[in-house]
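Here's the letter readout for the chains.
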Amino acid sequence: MSTTQHRLPTGLRREQLVICCGLVAATQMTWGSVVPVLPVYAASFGAGPAMLGLVVGIFGVGRLLANLPAGLLLARVPARPLLLISVAGVVVLTVATGFVTSLPQLVAARLVNGVLGAVAITSGQTLLAQRTPKWRRGRDMATLQAMQLVGGAGGPALGGLAMLLGGPTLVFGLAGAAAAIFLCWALIRPDDGPLVRDGDAPLEFDDEPAPRSLASKALLAVNIVGFAVFFARFGGQQSLIPLIAYQHVGVSPELFGLGLGVVTGLSLLLLPLTVQLAERFGRRPVLAASLLASGAATGLYLAVDEPLGFLGVLLVVGGLTAISGPLPAAMLADHAPPNRIGVATGIFRTCGDLATVLGPVLLGWLYERFGMSLPIVLLAVSGVAAALAFAALTRVR
């Protein structure tokens, strides 16, 4: 395959990259910030355990409902204005949630915030994909992943501190303020406009024709990977694994929380390695290998019955999962038609959020009915199966 000479870099200017990634990460941070306060806040309106589950889960329903419509909308409107409008909506509604006066208002606010959050994440990822040339896409997606990790890790800490200092209203106010800072930054800085204009070199910078259809094996493979990654993260790491840690191994919540913090730090440290591996060997083999290895390593939870060994497996699985971090989104942009990246992103986010809803419910039910072995096996098999399906569907003939 011949390769054309690279032009001057046409990727996002560094400031614009940070603004785009910051808007996405700050939006995600608003979700994490309210986690410590939601049980107390909902209980103040008379919510029992079941209703608290609704308050928490309705946010995910909003995301699930909005991902695909947001992607379809992005086929008609520019991504940047939609990103700014949706983040502004998240800011206003997050702050307003601190002033609701009834449980139905709280549920409604959570639902609409889920919708706006889905639009923000989908449009932000689409904007980054549209404006980043293929040769820089892995690096820029890694930047997005890093800022999301920081936002996801910092959110609960911010929420817990604000809860101690001023109560629920301060929590929601500070959560909205974090996103407002990046929003103001974006509004006062000029937009660079499209980074790939008519007549410019294509995103691929080589002789490969641009994809023309969303109905491709490569996009199907990426969506399978997205489902598996979200299934493992929300059904496994954030739902099933804590139950096993507390009830079977005797890990304290404080020690488990520390372990998750170390996993987050390890994920940040491994992002540069992911970029280097993907640039040297290609995104496809690195993604397939890391997903296969993390799925197989998940089975090691069955072999440990003491806290240090359990935390060791947590770090191994977390590290292997982190290597694949930014690659699915980068490959999604590689294989989506340039004018349908928004739709492809909406489909990808929908697959992920389906796993977010299904994973905790299914694995929790299996754990309650059959104990820890069956859900751990299912979690491991899902990762291995997704890796094999991805490798088969993306195989170059």
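Residue numbering note: each chain is counted from 1, following its sequence as written. Per-residue local features of the predicted model are confined to residues with pLDDT of at least 70, and side-chain atom pairs are confined, for both listing and counting, to 80 or more; whole-chain, interface and lining totals are unaffected and use all residues. To get the side-chain values, take all heavy atoms of the structure and skip hydrogens and water.

Enquirer: I'd love a proper account of the packing of aromatic side chains, names of residues and values included.
Expert: Stacked, tilted and edge-to-face are the three classes assigned to paired rings of Phe, Tyr and Trp, where Trp is represented by its six-membered ring and a pair needs centres within 6.5 Å; plane angles under 30 degrees give stacked, over 60 edge-to-face, the rest tilted. In this structure the tally under the stated criterion is six aromatic pairs. Consider the rings of Tyr301 and Phe310, whose centres lie 5.1 Å apart with planes at 50°: the pair is tilted. For the residue pair Tyr301 and Phe310, the accessibility class agrees, reading buried in each case. Ring-pair connections join several aromatic residues into one group, and the members of that group are Tyr41, Phe45 and Phe172. Directly above the ring of Phe230 sits Arg233, whose terminal nitrogen or CZ lies 5.3 Å from the centroid. Remark: exposure states derive from per-residue accessible area (1.4 Å probe, protein chains only) relative to the maximum for the residue type, with buried under 20%, exposed over 50%, and partly exposed in between. Note on criteria: charge over ring means Lys NZ or Arg CZ within 6 Å of the ring centre, with the direction from the centre no more than 35 degrees off the ring normal.

Enquirer: Give a description of the nonpolar core that names residues and reports values.
Expert: To define a nonpolar core, start from buried Ala, Val, Leu, Ile, Met, Phe, Trp, Tyr and Cys residues and group those joined through side-chain atoms within 4.5 Å. Counting 55 residues, the largest nonpolar core has Leu23, Val87, Leu128, Met141 and Phe390 as its most contacted members. Strands here are runs of E lasting at least two residues and helices are runs of H or I lasting at least four, both read from the DSSP assignment and numbered beginning at the N terminus. With eight residues, helix α1 (residues 14–33) is the single largest residue contributor to this core. Residue contacts are defined here by distance: any two heavy atoms, one from each residue, within 4.5 Å place the two residues in contact. Among residues more than four places away in sequence, those in contact with Met141 are Gln125, Leu128, Ala129, Pro326, Ala329 and Ala330. Counting residues in each nonpolar core, the second largest holds 24 residues, with Phe231, Phe256, Val263 and Leu311 among its members.

Enquirer: With reference to specific residues and values, describe the packing of helix α9 (residues 253–281) against helix α10 (residues 283–298).
Expert: The convention used is that axes are lines fitted to C-alpha atoms, helices contributing only their stretch in contact, and that angles between N-to-C directions extend from 0 to 180 degrees. At a closest axis distance of 7 Å, the pairing of α9 and α10 adopts a crossing angle of 125°. Here α10 runs oblique to α9, going by the angle between their axes. Here Leu277, Ala278 and Phe281 of α9 lie close against α10, whose contacting residues are Arg283, Pro285 and Val286. In what follows, roughly perpendicular refers to angles from 65 to 115 degrees, roughly parallel to angles under 35, roughly antiparallel to angles over 145, and oblique to any angle outside these ranges.

Note that every value here comes from positions in space, so none of it alone points to a role or purpose.
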